[in-house]
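Below are the chains, spelled out letter by letter.
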Amino acid sequence: MGEQSRRQAYIQARQLEDFIGQAPATNAATLAVWLIFYIGLRDNMAAIPLILSGLIMFVACASRILIWHSYQKQPETRAAESWRWRYTIATGGIGVAWSLLYFSLLDFQDLSVVAPVLMLFFGIAGTAAIALSSYMPAFMLYSYPQIATLIAMILAQTQINLSFLMFTVLIYALLITLYARQMGQRNRRQLALSADNAGLVHELGEEVEQREAIIQQRTQALRDSNLQLERQIQHREAAEKAVQVQYTLLRSVLNSTTDLIYYKDYRNEDGLYLGCNQAFADFLGRDIEQITGKNDIALFGQVTGGLRRLDDRETMANGHGTQEAWVTYPDGHKVLLSTLRTPFRDDANEIVGVLAIARDITEQKKSEQTLRRQQQALQHLAHHDQLTGLPNRLKLIETVGKAIGEAIDHGTQLAVLFVDLDHFKDINDSLGHTIGDQLLVAISQRLKKSVRAADMVARLGGDEFTVLIRDLKDEQGAIEVGEKILDAFREAVSIDSHTLKITGSVGISLYPRDGDDTETLLRNADAAMYRSKRDGRNAARLYAADMTEQAMARLALESQLHEAIRNEEFTVRYQPQVDMRSGSVVGAEALLRWNHPMHGLIGPDQFIDVAEDTGLIIDIGAWVLEQACRQREAWKRAGIMQLTMAVNISARQMLDPRFADTVREKVVSAGCNPHEVELEITEGLLIQHPENARRTLQTFRDMGIQVAVDDFGTGYSSLAYLKQYPISKLKIDASFVRDIQHDSNDQAIASAVIALGRSLDLDVIAEGVETGEQSAILIRHGCFLAQGYLYSRSLDAAGFQRFVEQRSGAVLPHPIA
Ligand SMILES: Nc1nc2c(ncn2[C@@H]2O[C@@H]3COP(=O)(O)O[C@H]4[C@@H](O)[C@H](n5cnc6c(=O)[nH]c(N)nc65)O[C@@H]4COP(=O)(O)O[C@H]3[C@H]2O)c(=O)[nH]1
């Protein structure tokens, strides 16, 4: 709604309100006046107009009251124009009722009537001019019928001249009409003013409301922004707190490290220290505050400071870099610092400074050096033999590989010499490992001396050495080196109180003739070394193709021997020992046989060497002794009483520290008389291991067991050493017996042995007696005991028993001892 129409509506509403709102008062006054007037003039009134006037008055007043009542009850319809004209009609009805009341007057020529009527008219018309001025049609409908009636009644009466009254009425009517109009206009103006005021108040109200709304909005916005501000402040405070915590942490981290940390600002030329940790401050002997904000020239002077600045500039130009330098602390101690310099950037990613972390690496350097030395030592250890300091197998393999490469490049030859000490195990077993080790060291030094510096001597382990000869001219050169090595052994080695004589067996393989890789060369040299062992040791042999087969066969034999022990494939045969004068059997020599599942019966010469080398002879020998002792007891039960059971003992067995116990156990467990047991040892054992042999032989003597020296005469037998040992018998080796009838030397040796035995009060027995002639010569020289094919080959137990029984004279009624 526009402002104008809203204003108009307001005025109309207020006019209607004033117009209808006066109904109760004006009606009451109208009815009261009508009654008073009736009461006062009823005698002069005509009945019909009076009744009509009363009825119309009553209806009109009632209508106005009803209209007013409805108007009050329906505020929503108050603006409707219908109220106005309905109330106007009712008001017009009252005007008509008044007119009828005037018309009912009979004596209108009587002034006592006319006067009150006019007074009444002037009164109610004047009141109407005020009460109905807001709506002129109502005023006119109310007043003009009365005016017209009065003028008509004035004009109608003829008795007195009342024309002045008519004019009076007319003038009054004009005046109150004007007055009503004026009142109406004034009223409208006031209402308009009031409407304007109301509009202004309304606008003001709206303005105030708007302002209040704005103020509320602003207040709310202010509150929100305050809240936001508060939150921001809280966040900022929390962030600042977090930053502070971080800063404190960072500072504590920086200060907890022993590394020197500092950072400089190069946004200007100075390179001022932005900060540093306590370690750096301690290094400078200052407080952190004394460093921060200063530059290197201020802290270190023109020269050092200038150099540091140059370093920083280089870092900023080229990125991070590390430097190592010795520096001195204020207290004078020197350390090696490793300094890592890194450029750092600002928010715009511009390099603005340098961060440096310096670490004391003095100890680290030392431990690196120690580690390097340890690694070198380990490297040395990994490639060298600890005992002799010689290169070990690993180093040898590497070196031979390289040497082969060089030989290929230069078209030269190589030689690999495999050196194995003969009977070294015996020395180790008898004299102990300490002596054995010292011997190995001594031999290793001799081996090194026997070759050129460019050649290599390596120890493969145990008593095995390998020599690598480079730039070999020909095969002869290798043989010469082999000979030199054998020469190195010739002189006895003195260790503590022992004088040890040892020999070596050498096998030689040549590159490229015998192999073109390390493994083949080593394997073939090993095979050649075995050949020299088999050929009697203390020799050097060049590799030949058949040696590989032999070495393989030897390996196969070794594994078969293990199996033979497990499968009990061994058996013992017995060769009778007889008194050549009577032919009676005085003893038996137990001889080992291998009943091979495929090759049949195999003699000991085929496998004893391998059994000795591998140590299997210890178990096999113990088994033979056990069998022999049991057999001796079995024969005793069969009536063969006087008989010595001879059992061969190898050097390896003798040097076994448990051997004496083994012998005791086997003899005792078989229930055998120790005096009837004879152990045959070789002459070589007595020469090579005199100490050990003496100790063990004394033990046997104490037990009552007899000892015979086998193969006597083949070694360096001497009266001197024989006297030292508790032995009871010498066996003349078959090699002297074989040609005794033809060879005067053999006869002389045999005769000397017999004489020696006699002088030392030892029994002497000849072995390998095959002919009567040999027997006769031996008897003539004073040797009466013998064994040989002349009397019997080796027999199984039953055969032996039969052999003895056939020679009844051999069964003697009482034992020898
Ligand atoms: N040509 C010829 N030979 C004769 C004659 N009379 C006996 N023989 C052989 O000479 C060897 C005598 O044994 P040895 O000298 O102790 O020599 C033995 C001995 O050193 C060793 N041996 C045998 N059995 C054992 C044993 O149980 N333990 C040990 N450690 N060695 C044993 O094997 C070697 C050889 O034993 P065998 O082959 O049984 O050979 C035996 C025997 O059969 C003869 O008139 N003419």
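What counts, and where the lines are drawn
- Residues numbered from 1 in each chain as written.
- Predicted model: local features only at pLDDT ≥ 70, side-chain atom pairs only at ≥ 80, totals over all residues.
- Heavy atoms only, no water.
- Pairing = 2+ DSSP bridges.
- Helix = DSSP H or I, 4+ residues; strand = E, 2+ residues; numbered from the N terminus.
- Axes fitted to C-alpha atoms, helices over the stretch in contact; angles between N-to-C directions.
- Near = heavy atom within 4 Å.
- Polar contact = N/O pair within 3.5 Å; in protein donor to acceptor, adjacent residues only side chain to side chain.
- Areas by Shrake-Rupley, 256 points an atom, 1.4 Å probe, with all protein chains shown as cover.
- Nonpolar A, V, L, I, M, F, W, Y, C, P; charged D, E, K, R; others polar.
- Buried < 20%, exposed > 50% of the residue type's maximum accessible area, 1.4 Å probe, protein only.
- Phe/Tyr/Trp six-rings, centres within 6.5 Å; stacked < 30°, edge-to-face > 60°.
- Lys NZ or Arg CZ within 6 Å of the ring centre and 35° of its normal.
- Parallel < 35°, antiparallel > 145°, perpendicular 65-115°, else oblique.
- Left-handed = near helix turned anticlockwise from the far one by under 90°.
- Contact = heavy atoms within 4.5 Å.
- Expected span 1.5 Å × (residues − 1).
- pLDDT = per-residue confidence, 0-100.
- Patch = residues over 30% accessible without salt bridge, like charges linked within 9 Å, V, L, I, M, F, W, Y side chains within 5 Å.
- Salt bridge = Lys/Arg side-chain N within 4 Å of Asp/Glu carboxyl O.
- Core = buried A, V, L, I, M, F, W, Y, C linked by side-chain atoms within 4.5 Å.
- Arc of directions from axis to C-beta.

J.: I'd like to hear about the sheet that holds strand β11 (residues 504-511), residue by residue, with values.
T.: A sheet is described by the order of its strands in space; here 5 strands give the open sequence β7-β8-β6-β11-β12, paired in mixed fashion. Strands at the two margins of the open sheet, each flanked by one partner only, are β7 (456-461) and β12 (540-542). This sheet shows a mean twist of 20° between the axes of neighbouring strands, independent of strand direction. Two elements, strand β6 (residues 413-421) and strand β8 (residues 464-472), share 7 bridges in a ladder whose sense is antiparallel. If you follow Phe-418 over to β8, its bridge partner there is Thr-466.

J.: Requested: an account of the site of the ligand, with residues and values cited.
T.: Near the ligand you find 19 residues, and of these Glu-589, Asn-648, Asp-710, Glu-770 and Tyr-789 are the closest. Interatomic distance of 3.1 Å between a backbone N/O atom of Leu-592 and a nitrogen atom of the ligand. At 3.2 Å from an oxygen atom of the ligand is found a side-chain nitrogen or oxygen belonging to Glu-767. Within the complex, the protein chains bury 77% of what would otherwise be the 790 Å² of accessible surface of the ligand. Elements with a contribution of two residues or more to the shell around the ligand: β14 (585-596) and β18 (706-712). Take the shell around the ligand: its biggest share by element is 4 residues, from β14. Of the residues that constitute the shell around the ligand, the class distribution is 7 nonpolar, 5 polar and 7 charged.

J.: Can you break down the pairing of β6 residue by residue, with the values?
T.: Each regular strand displays side chains that alternate between the two surfaces of the sheet. Judged by how many residues are buried, β6 sits mostly within the fold: 8 of 9 residues are covered. Pairing of β6 with β11, which is carried by 8 bridges, proceeds in the antiparallel orientation. Within β11, the position partnered with Leu-414 by the bridge is Tyr-511.

J.: Tell me about the packing of aromatic side chains, residues and numbers included.
T.: Applying the stated criterion to the full structure yields 21 aromatic pairs. Where Phe-19 meets Tyr-87, the ring centres are 5.0 Å apart and the plane angle is 75°; that geometry is what we call edge-to-face. With a gap of 68 residues between them, Phe-19 in helix α1 (residues 3-21) and Tyr-87 in helix α4 (residues 81-103) connect regions that are remote in the sequence. Here Phe-19 matches Tyr-87 in class, with each residue buried. Aromatic pair Phe-570 and Trp-623: ring centres 6.4 Å apart, planes at 50°, arrangement tilted. Taken as a pair, Phe-570 in strand β13 (residues 570-579) and Trp-623 in helix α19 (residues 616-637) lie far apart in primary sequence, 53 residues in all. You can call Phe-570 buried: its relative accessible area is 9%. The structure contains a cluster of three or more aromatic residues connected by ring pairs, namely Tyr-262, Tyr-273, Phe-280, Phe-283 and Tyr-329. A cation over an aromatic ring shows up here: Arg-308 above the ring of Phe-300, its NZ or CZ 4.1 Å from the ring centre. Directly above the ring of Tyr-789 sits Arg-793, whose terminal nitrogen or CZ lies 3.8 Å from the centroid.

J.: Residue-level account of the packing of α4 against helix α6 (residues 136-156), with values.
T.: Their axes nearest at 7 Å, the elements α4 and α6 cross at an angle of 15°. Classified by the angle their axes make, α4 and α6 are roughly parallel. The chirality of how α4 crosses α6 is right-handed. Facing Thr-88, Thr-91, Gly-92, Ile-94, Gly-95, Trp-98, Ser-99, Tyr-102 and Phe-103 of α4, the residues of α6 in contact are Pro-137, Ala-138, Leu-141, Tyr-142, Pro-145, Gln-146, Thr-149, Leu-150 and Met-153.

J.: Before we move on, could you go through α1 and cite the residues and values that matter?
T.: With 19 residues, α1 should cover 27 Å at 1.5 Å per step; its first-to-last C-alpha distance of 26 Å lies within 8% of that length. If you follow the buried residues of α1, they end up packed against α2 (23-41), α3 (47-73), α4, α6 and α7 (163-256).

J.: Explain the side chain of Asp-514 to me, using residue names and the numbers behind them.
T.: With respect to the secondary-structure elements, Asp-514 resides in the loop between β11 and α16 (518-534). Polar contacts involving the side chain of Asp-514 include one to the side chain of Arg-513, which spans 2.9 Å. Once residues lying within four places of it in the same chain are set aside, the contact partners of Asp-514 are Ile-508, Ser-509, Thr-520, Leu-521, Asn-524 and Tyr-543.

J.: Give me the confidence of the model for the protein chain: which residues, what numbers.
T.: Residues with a pLDDT of 70 or more make up 97% of the protein chain, whose mean pLDDT is 89. For the stretch residues 810-817, pLDDT sits under 50, and the model shows 14 contacts to residues farther than four places along the chain or on other chains. Of the two predicted TM-score estimates for the complex, the pTM is 0.52 and the ipTM is 0.95.

J.: Go over a nonpolar patch on the surface with me, naming the residues and quoting the values.
T.: Nonpolar side chains collect at one region of the surface, where Phe-167, Leu-170, Ile-171 and Leu-175 lie side by side and expose about 390 Å² of accessible area between them. Turning to its location among the elements, Leu-170 is positioned in helix α7.

J.: How would you explain the packing of α2 against helix α5 (residues 111-131) if you had to name every residue and give the values?
T.: Between α2 and α5, whose axes approach to 12 Å, the crossing angle comes to 175°. In this view, α2 runs roughly antiparallel relative to α5, as classed from their interaxial angle. The segment α2 lies against α5, with Thr-26, Val-33, Phe-37 and Leu-41 engaging Pro-116, Val-117, Leu-120 and Ala-131. Of the residues that constitute the contact of α2 with α5, the class distribution is 7 nonpolar, 1 polar and no charged.

J.: Quick one: what's the story with the nonpolar core, residue by residue and with numbers?
T.: Phe-700, Leu-730, Ile-732 and Leu-778 are the most contacted members of the largest nonpolar core, which totals 77 residues. Per-element accounting of this core gives the leading share, 8 residues, to α19. The residues touching Leu-778, leaving out its near neighbours within four places in the chain, are Met-580, Ile-732, Val-737, Ile-740, Ile-754, Ala-766, Val-769 and Cys-783. Ala-23, Met-57, Trp-83 and Leu-150 belong to the second-largest nonpolar core, a separate cluster that totals 51 residues.

J.: Residues and numbers for helix α27 (residues 772-780), please.
T.: Regarding α27, the residues found buried are Gln-774, Ser-775, Ile-777 and Leu-778. Projected down its long axis, α27 shows its buried positions confined to an angular sector of 165°, all on one face. Considering only its buried residues, α27 is in contact with β19 (729-732), α25 (734-738), α26 (744-759) and β20 (763-767).

J.: Tell me about the pairing of β7, residues and numbers included.
T.: Counted residue by residue, β7 has 5 buried out of 6 residues, so it is predominantly covered. Bridge count between β7 and β8: 5 bridges; the pairing is antiparallel. Pairing of Gly-461 across the sheet is with Glu-464, part of β8. Once β7 ends, the chain turns through 2 residues before running back antiparallel as β8, passing Gly-462 with a positive phi of about 55°.

J.: Which residues make up unusual backbone geometry, and what values do they have?
T.: Outside of glycine, negative phi angles account for most residues, and trans bonds account for most peptide bonds. Residue Pro-512 is reached from Tyr-511 by a cis peptide bond, and omega for that bond is 5°. Counting through the fold element by element, Pro-512 comes out in the loop between β11 and α16. Positive phi is not limited to glycine here, since Asn-349 has a value of about 65°. Tracing the chain through its elements places Asn-349 in the loop between β4 (334-345) and β5 (351-360). Despite not being glycine, His-423 has its phi angle at roughly 55°, a positive value. For His-423, the location among the structural elements is in the loop between β6 and α13 (424-431). Given a relative accessible area of 32%, His-423 falls into the partly exposed group.

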